[in-house]
Structures are given as C-alpha cells and as structure tokens.
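So you can see what is in the structure, the chains are spelled out below.
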Amino acid sequence: MVTTLANNIAEYIKKQNPEQTASVQVMRFALEGIFNSLIILFIIIFFGIIMGNLKDCLLASVFFMGLRFVSGGYHFKTSLQCTIVSSSIVILASLFSLNESLILTVSFATIILLLIFAPSNIENHARIPKKYFIYLKLASITIVLISLFIMNSSVSIILFLQALSTVDLLKW
C-alpha cells in the first residue's frame with residue numbers, strides 16, 4: 001500500500017517536470033521513508049493516548065529516530081516489517097519502569113554497544129563517506145549522554161534496543 005502510493009506520487013511528480021526531477025525510483029524510496037515514518041508516528045501517538053503514556057512514547061520516538069539516524073542498524077526487508085517492529089518496540093518500551101540505577105546501567109551498556117558497533121549498515125543507505133563515521137559514533141554516544149539528563153525509562157530502553165540493532169550477528 002505504501003509502496004503503491006509512493007510510486008503513484010513519484011510518477012505524477014516525474015510527469016509534471018521530467019527534466020528537473022529525480023528518477024521515479026529515487027523519489028519512491030524517499031516517499032516510502034517519509035510515509036513509513038508518519039505511519040509509525042501515528043501508531044505510536046494512537047497507542048500512547050490509549051495507554052495514557054503519550055509523553056513517554058513521543059520522547060522515546062524522538063530519541064529512537066535520532067539515534068537510528070546517526071547509528072544505523074539492521075534494516076528489515078519490507079516497510080511493513082519496519083513499521084510493525086519500530087512502533088511495537090517504542091510502545092513496549094514505554095510500558096516498563098526502571099529505577100535510576102537501572103537506567104544508568106542500561107545507558108552504560110548502550111554506550112558500550114555504540115562504541116563497538118556504531119555506525120552500522122549505513123554504507124548502502126546513506127551517502128556519508130567512511131571518514132565521517134567517527135562523527136556518527138560520537139553523535140550516537142552524545143544522544144545517550146543527553147538522555148541521562150532526562151532519566152526516562154522509555155528513552156533508556158529504546159536507546160538500548162536501537163544500539164542492539166547495530167550489532168551485526170553475521171560478522172560474529
């Protein structure tokens with residue numbers, strides 16, 4: 001459904017200005033990313049309202065997206081899988097409550113994972129030269145350090161889960 005909609009919009013844009021637009025494939029890929037992100041956000045908002053923890057869900061979403069952007073990680077084969085897993089882990093993370101000691105422990109483990117594995121699986125998904133990967137690693141760790149000022153269980157858990165997605169099990 002998302003792919004069809006994205007493809008139709010990309011084809012429409014291409015027909016309107018064939019010379020000054022990117023290829024249909026490039027535009028479709030970009031539109032799919034935008035639509036998937038919006039769908040995930042709407043699902044998270046919906047369940048956050050129903051469960052009465054919208055603030056935690058939104059906060060976890062922002063940190064998840066920020067860390068995901070700079071740390072990379074595993075990519076699912078379909079956008080539907082990505083939508084289901086991404087929205088589910090944010091919603092589930094918002095259901096747990098960690099004490100301050102556990103938040104610190106989970107955050108420390110997250111930093112260790114990011115030091116070792118981030119950025120991961122970025123080469124085929126972004127046009128960032130390898131020489132800048134150290135800055136992505138530093139940005140990843142900075143996001144976790146910033147989260148420590150908030151001391152929010154949902155954020156701590158979601159950052160840890162995102163850091164786990166940077167581990168390439170096939171290389172082990």
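Scroll up to find the structure.
Bear in mind that the values here come from a model prediction, so they are computed numbers and not experimental data.

Chemist: How should the overall build of the protein chain be read in this particular structure?
Modeler: Helix and strand content of the protein chain: seven helices and zero strands. Counting from the amino terminus, helix and strand elements in the protein chain follow one another as α-α-α-α-α-α-α. For the protein chain, the spread of C-alpha atoms along the three principal axes comes to 55 × 45 × 30 Å. Contacts in the protein chain between residues far apart in sequence, at least 24 positions, make up 74% of those at least 6 positions apart. Taken as two groups, the 11 positive and 7 negative side-chain charges of the protein chain have centres that lie 6 Å from each other.

Chemist: Sorry if this is basic, but what is going on with helix 6 (residues 133-150) here?
Modeler: Since there are 3.6 residues in each turn of an α-helix, residues three or four apart along the chain are aligned in direction. Between its first and last C-alpha atoms helix 6 spans 27 Å; for 18 residues at 1.5 Å apiece the expected length is 26 Å, and the two agree. Three or more residues of helix 6 are buried, namely Phe 133, Leu 136, Lys 137, Ser 140, Ile 141, Ile 143, Val 144 and Ser 147. Each buried residue of helix 6 lies within a common arc of 145° when the element is viewed along its axis, so the set occupies one face. The exposed set on the far side of helix 6, more than 90 degrees from its buried face, consists of Tyr 135 and Phe 149. A positive backbone phi angle near 50° is found at Met 151, which sits one or two residues after helix 6.

Chemist: How should I be thinking about the packing of aromatic side chains in this particular structure?
Modeler: In this description, an aromatic ring pair is defined by two values, namely the gap between the centres and the angle between the planes. The tally for this structure, following the rule as stated, stands at three aromatic pairs. Centroid distance Tyr 74 to Phe 76: 5.1 Å. Interplanar angle 90°. Geometry classified as edge-to-face.

Chemist: Looking at this model, I keep getting lost on the nonpolar core. Mind explaining?
Modeler: Buried together is how nonpolar side chains tend to be arranged in soluble globular proteins. In terms of nonpolar packing, the biggest core is built from 28 residues, with Ile 44, Leu 67, Val 90, Leu 114, Ile 143, Ile 158 and Leu 159 touching the most fellow members. Breaking this core down by element, the ones donating at least two residues are helix 2 (24-51), helix 3 (54-71), helix 4 (79-93), helix 5 (100-117), helix 6 and helix 7 (153-164). Excluding residues that lie within four positions of it along the chain, Leu 67 makes contacts with Gly 72, Leu 114, Ser 140, Ile 143, Leu 159, Gln 162 and Ala 163.

Chemist: How should the environment of Asn 121 be read in this particular structure?
Modeler: Mapped onto the secondary structure, Asn 121 falls in the loop between helix 5 and helix 6. Given a relative accessible area of 28%, Asn 121 falls into the partly exposed group. Taking C-alpha positions, Asn 121 is 9.5 Å from Val 167, a pair spaced 46 residues apart along the chain. The contacts of Asn 121, once residues within four sequence positions are left out, are Gly 73, Tyr 74 and His 75. Within the local environment of Asn 121, its side chain forms a polar contact with the backbone oxygen of Gly 73, the two atoms lying 3.2 Å apart.

Chemist: Whenever I open this one, a nonpolar patch on the surface confuses me. Can you help?
Modeler: On the surface, Phe 46, Phe 47, Ile 50, Met 51, Leu 92, Leu 95 and Phe 96 cluster together into a nonpolar patch covering about 690 Å² of accessible area. Looking at which element gives the most residues to the nonpolar patch, the answer is helix 2, with four residues. By the secondary structure assignment, Leu 95 is in the loop between helix 4 and helix 5. Owing to a relative accessible area of 49%, Leu 95 belongs among the partly exposed residues under this scheme.

Chemist: Mind showing me how you'd approach the pattern of salt bridges here?
Modeler: Any two side chains of opposite charge can pair, on the condition that their charged atoms come close. Tallied over the full model, the rule gives one salt bridge. In this structure, Glu 32 engages Arg 28 in a salt bridge whose closest nitrogen and oxygen atoms are separated by 3.8 Å. Residue Glu 32 and its partner Arg 28 are both found in helix 2; the two are separated by four residues, about one turn of the helix. Judged by relative accessible area, which is 24%, Arg 28 ranks as partly exposed.

Chemist: Before we go on, may I ask you to explain the layout of surface pockets in this structure?
Modeler: Empty space among the atoms can be located by rolling a probe the size of a water molecule over them. When its volume is computed, the largest pocket comes out at roughly 1,300 Å³. In this structure, the largest pocket is lined by 35 residues; those nearest its centre are Gly 33, Ser 37, Arg 68, His 75 and Cys 82. Put simply, the parts of the chain that give the lining of the largest pocket at least two residues each are helix 2, helix 3, helix 4 and helix 7. At ten residues, helix 2 tops the list of elements feeding residues into the lining of the largest pocket. Split by residue class, the lining of the largest pocket holds 19 nonpolar, 13 polar and three charged.

Conventions we followed
- Residues numbered from 1 in each chain as written.
- Predicted model: local features only at pLDDT ≥ 70, side-chain atom pairs only at ≥ 80, totals over all residues.
- Heavy atoms only, no water.
- Helix = DSSP H or I, 4+ residues; strand = E, 2+ residues; numbered from the N terminus.
- Contact = heavy atoms within 4.5 Å.
- Lys, Arg positive; Asp, Glu negative; His and termini not counted.
- Charge placed at Lys NZ, Arg CZ, Asp CG, Glu CD.
- Expected span 1.5 Å × (residues − 1).
- Buried < 20%, exposed > 50% of the residue type's maximum accessible area, 1.4 Å probe, protein only.
- Arc of directions from axis to C-beta.
- Phe/Tyr/Trp six-rings, centres within 6.5 Å; stacked < 30°, edge-to-face > 60°.
- Core = buried A, V, L, I, M, F, W, Y, C linked by side-chain atoms within 4.5 Å.
- Polar contact = N/O pair within 3.5 Å; in protein donor to acceptor, adjacent residues only side chain to side chain.
- Patch = residues over 30% accessible without salt bridge, like charges linked within 9 Å, V, L, I, M, F, W, Y side chains within 5 Å.
- Areas by Shrake-Rupley, 256 points an atom, 1.4 Å probe, with all protein chains shown as cover.
- Salt bridge = Lys/Arg side-chain N within 4 Å of Asp/Glu carboxyl O.
- 1 Å grid on protein atoms, 1.4 Å probe; cavity = no way out; pocket = protein on both sides within 12 Å on 5 of 7 lines; lining within 4 Å.
- Points joined across faces, edges and corners; volume = space filled by probe spheres on them.
- Nonpolar A, V, L, I, M, F, W, Y, C, P; charged D, E, K, R; others polar.

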